[in-house]
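# Overview (structure and organization)
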Amino acid sequence: MSKSLNLAAALLTFATAAAAQDVAPSKDGGYGIGRAAMPEEVAAWNTDIRPDGMGLPVGSGDVLTGEDIYVENCSVCHGDFGEAVGRWPVLAGGGGTLENKDPVKTVGSYWPYLSTVFDYVNRAMPFGHAASLSDDETYALTAYILYLNDLVDDDFTLSNENFTEVSMPNVDNFIDDDRAETEFPIFMAEACMENCKDSVEITMHASVVDVTPEETAAKANEAAAEAAAVEAPAAEPVTEAAAEPAAEPAPVVVAAADPALIADGEKAFRQCKSCHMVGEGAQNRVGPELNAIMGRTVGAIPDFRYSDVFQDAMAAGEVWDNDKLHAFLANPKDAMPGTKMSFRGVRDAADIDALIAYLQSASP
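Just so we're clear, the structure is a prediction, and the values are computed from it rather than from any experiment. (Residues numbered from 1 in each chain as written. Predicted model: local features only at pLDDT ≥ 70, side-chain atom pairs only at ≥ 80, totals over all residues. Heavy atoms only, no water.)

Under the counting rule described, the total for this entry stands at six salt bridges. Measuring nitrogen to oxygen at the nearest pair gives 2.9 Å for the salt bridge that ties R35 to E41. On the basis of relative accessibility, which here comes to 31%, the residue R35 falls in the partly exposed class. On the basis of relative accessible area, E41 is assigned to the buried category, the value being 16%. In this structure, the salt-bridge partner of D52 is R50, at a minimum N-O distance of 2.5 Å. The exposure class assigned to R50 is partly exposed, which follows from its relative accessible area of 38%. (Salt bridge = Lys/Arg side-chain N within 4 Å of Asp/Glu carboxyl O. Buried < 20%, exposed > 50% of the residue type's maximum accessible area, 1.4 Å probe, protein only.)

So, in structure tokens, the structure goes:
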């Protein structure tokens with residue numbers, strides 16, 4: 001039974017017991033209704049977690065378990081890697097942006113306390129099924145969110161015992177609210193109503209007047225280009241010689257892989273399967289299917305919308321070989337600048353070797 005159903009059953013039991021109690025006596029200035037909350041009722045709702053760890057349940061969960069929970073319950077709104085879908089909140093990234101005009105506030109860049117992550121997930125997530133995760137699942141999901149923000153390694157296990165050892169990057173930039181002492185007295189002072197200006201004039205306007213100024217500028221440039229194309233005289237058609245067909249790439253020789261290495265690669269592929277498929281019946285998902293990728297032309301899967309850098313690589317006849325695939329898996333954005341793939345890369349070179357071996361073995 002889920003936590004939410006357990007809570008509902010417990011509250012029903014408490015309500016039944018409480019109904020037999022007498023209501024509170026009438027008080028001066030009161031209404032004579034209600035009663036003191038029963039200890040069991042207080043305990044049922046007392047689930048908040050403090051930054052010092054007070055209120056944490058006993059339990060633990062690791063990153064890989066949290067990944068499975070995240071893919072099944074969270075990625076549809078928050079993206080495969082915490083980058084968000086549509087207007088749902090971004091969970092990862094944003095480091096170094098808090099001083100920018102448009103900061104990216106995520107768990108990793110902004111939130112000061114890990115207890116807030118655990119508490120919110122425990123109370124309100126997954127969306128539509130709030131409070132349905134067990135304590136161990138909540139620990140695992142919190143651990144995976146830390147991993148998405150590069151705050152822990154993929155073998156990390158979060159528990160009530162090491163919870164307070166995790167320090168969030170932005171914790172020192174939060175201060176106690178002192179407005180009652182510093183601001184309240186100023187605003188409560190008598191307002192000055194002397195020496196006021198006779199009139200008010202606007203001296204400047206906000207520099208950003210649209211929520212998407214880049215898009216607005218792009219549309220303006222596009223309109224200007226279309227207008228220039230209409231005014232410019234049509235150029236004489238030029239007959240070009242047919243391009244020479246690209247030479248067939250040399251076949252890539254694949255050595256037989258160790259079964260233990262393949263097994264390790266299958267485990268490593270868990271971080272890829274939310275976007276990619278491999279094996280019999282594999283289809284394009286968020287990313288293209290990966291069957292027979294070794295020796296395949298880069299960006300050559302039909303009916304998949306590749307980013308420009310992949311299309312350029314395909315036009316140049318580039319092929320996935322061991323070195324190229326190894327570099328891409330280690331750091332996609334460095335290996336293929338401009339890729340839409342948001343995955344940060346596989347950190348361990350041994351995991352990359354295992355992953356490549358698994359992709360080769362799983363391809364039909």
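What follows deals with the nonpolar core. In terms of nonpolar packing, the biggest core is built from 58 residues, with L114, F156, L158, F269 and F310 touching the most fellow members. Of all the secondary-structure elements, those providing two or more residues to this core are α3 (63–73), α5 (114–124), α6 (135–148), α11 (308–315), α12 (322–330) and α14 (349–362). Considering every element that reaches this core, the biggest residue donor is α6, with nine residues. Setting aside anything within four residues of it in sequence, one finds F269 in contact with H276, V278, L290, L355, Y358 and L359. (Core = buried A, V, L, I, M, F, W, Y, C linked by side-chain atoms within 4.5 Å. Helix = DSSP H or I, 4+ residues; strand = E, 2+ residues; numbered from the N terminus. Contact = heavy atoms within 4.5 Å.)

Let us now look at the packing of α12 against α14. In a pair of packed helices, the angle between the axes and the distance between the axes together describe the arrangement. Where α12 contacts α14, the axes come no closer than 10 Å and their chain directions differ by 125°. With respect to α14, the element α12 is oriented oblique. Pair α12 / α14 crosses with right-handed handedness. Taking contact as the criterion, the partners of N322, L325, H326, L329 and A330 in α12 are, on α14, A349, I352, D353, L355 and I356. Tallied by class, residues from the contact of α12 with α14 come to seven nonpolar, two polar and one charged. (Axes fitted to C-alpha atoms, helices over the stretch in contact; angles between N-to-C directions. Parallel < 35°, antiparallel > 145°, perpendicular 65-115°, else oblique. Left-handed = near helix turned anticlockwise from the far one by under 90°. Nonpolar A, V, L, I, M, F, W, Y, C, P; charged D, E, K, R; others polar.)

A word on empty space enclosed by the protein. Counting across every chain of the model gives one cavity of 30 Å³ or more. Here the largest cavity is characterised by a volume of approximately 40 Å³. What lines the largest cavity is simply N73, C74, C77, H78, M125, P126 and F127. Within the lining of the largest cavity, the residues separate by chemical class into five nonpolar, two polar and no charged. (1 Å grid on protein atoms, 1.4 Å probe; cavity = no way out; pocket = protein on both sides within 12 Å on 5 of 7 lines; lining within 4 Å. Points joined across faces, edges and corners; volume = space filled by probe spheres on them.)

Limitation: the analysis is restricted to geometry and does not speak to function.
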